[in-house]
Amino acid sequence: MQRILIVEDDMQIARTLRDYLEVAGFHVTALGDGSAAIAASRGHKPDLIVLDLGLPGMDGLDVARELRRTSTVPIVMLTARGEEADRIVGLELGADDYLVKPFSPKELVARVRAVLRRANGTVAGAEVLRAADIEVDLPKMRARVSGRPVDLTPTEFELLTTLVREPGRVFTRGQLLDALRGVTLDTYERAIDAHVKNLRKKIEPEPGRPRYVLTVHGVGYRFADA
Ligand code: CA
């Protein structure tokens, strides 16, 4: 049974989400405190973390930053309306997806499933893809740059896979979002920029002058085809 850790100080929301996720077949732990969540995630190794950004004490962004220092565990953020800047920071810290309150618990379950599908490689396939100096091993969920392994979050891995599958093809941000989600609910296209920025930091020798993941101005991105 896959384990979900919910970090949310609003007990009513936490309880509702826990109920829905349990009905969906997950084992759920809920905590209302960021430092406790970090300790728990190191101990129990959840398969996914649902993380509210507005927490008392250590806030959600600090929690995400701390988690990402040592772990690529999938993170779905919960944000309040109007926290757009935080959402982008969260994605730049490596969160995989986010939901804006108020949202339906069913929507959360759908997002959690989509992110876990990505994390488990069930949408990925069975091949090893190669383009430029990048190798993407789908069955093993591993990526290498010039033979050097890089640690990618499920979102970064899926993004790289999508681009490397069709070098040279121009993807709009919306198309990349579709490829990542499996479910298209809102199309917040700047999310893609944040994921691309993270991916570049990990795979590009000079992230400021990318050689693999190229920007197509006014449109989106493409993987270098030569
Ligand atoms: Ca809160």
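The structure we're discussing is the one just above.
These notes cover the structure that comes with them. What you see is a predicted model, and the numbers here were worked out from it, not measured in a lab. (Residues numbered from 1 in each chain as written. Predicted model: local features only at pLDDT ≥ 70, side-chain atom pairs only at ≥ 80, totals over all residues. Heavy atoms only, no water.)

## Here's the deal with helix 2 (residues 34-44)
Turning to step 1, where the next piece is worked out: Among the residues of helix 2, Gly34, Ala37, Ile38, Ala40 and Ser41 are the ones counted as buried. All buried residues of helix 2 fall inside an arc of 165° around its axis, so they share one side. Opposite the buried face of helix 2, by more than 90 degrees, sit the exposed residues Ala39 and Gly43.
Turning to step 2, where the next piece is worked out: Here the buried face of helix 2 lies against strand 1 (3-7), strand 2 (27-31), strand 3 (48-52) and helix 3 (60-70).
Turning to step 3, where the next piece is worked out: Taken from the residues just after helix 2, lysine 45 is the one with a positive phi, measuring 45°. (Buried < 20%, exposed > 50% of the residue type's maximum accessible area, 1.4 Å probe, protein only. Helix = DSSP H or I, 4+ residues; strand = E, 2+ residues; numbered from the N terminus. Arc of directions from axis to C-beta. Contact = heavy atoms within 4.5 Å.)

## Thoughts on unusual backbone geometry
Turning to step 1, where the next piece is worked out: Put simply, lysine 101 and proline 102 share a cis peptide bond, and its omega is -5°.
Turning to step 2, where the next piece is worked out: Considering the arrangement of structural elements, one finds proline 102 in the loop between strand 5 (97-100) and helix 5 (105-119).
Turning to step 3, where the next piece is worked out: Unlike most non-glycine residues, methionine 141 shows phi in positive territory, near 55°.
Turning to step 4, where the next piece is worked out: When you line up the elements, methionine 141 lands in the loop between strand 7 (134-137) and strand 8 (142-145).
Turning to step 5, where the next piece is worked out: For methionine 141, a relative accessible area of 24% translates into the label partly exposed.

## With respect to the coordination of the calcium ion
Turning to step 1, where the next piece is worked out: Here the calcium ion is held by the protein donor atoms Asp9 (OD), Asp52 (OD) and Gly54 (O), which lie 2.2 to 2.4 Å from it.
Turning to step 2, where the next piece is worked out: Taken in sequence order, the residues that donate to the calcium ion follow the motif D-x42-D-x1-G. Of this pair, aspartate 9 sits in the loop between strand 1 and helix 1 (11-23) while glycine 54 sits in the loop between strand 3 and helix 3, and the two are 45 residues apart along the sequence.
Turning to step 3, where the next piece is worked out: On the basis of relative accessible area, glycine 54 is assigned to the partly exposed category, the value being 38%. (Donors = N, O, S within 2.8 Å, 3.2 Å for Na, K, Ca; no water.)

## Description of the packing of aromatic side chains
Turning to step 1, where the next piece is worked out: Under the definition given, this model contains one aromatic pair.
Turning to step 2, where the next piece is worked out: Relative to phenylalanine 223, the ring of tyrosine 212 has its centre 6.1 Å away and its plane inclined at 15°; by these criteria the two rings are stacked. One end of the pair, tyrosine 212, is in the loop between helix 8 (190-203) and strand 11 (213-216); the other, phenylalanine 223, is in strand 12 (residues 220-223), and 11 residues separate them in sequence.
Turning to step 3, where the next piece is worked out: On the basis of relative accessibility, which here comes to 1%, the residue tyrosine 212 falls in the buried class.
Turning to step 4, where the next piece is worked out: Using a relative accessible area of 0% as the deciding quantity, one classes phenylalanine 223 as buried. (Phe/Tyr/Trp six-rings, centres within 6.5 Å; stacked < 30°, edge-to-face > 60°.)

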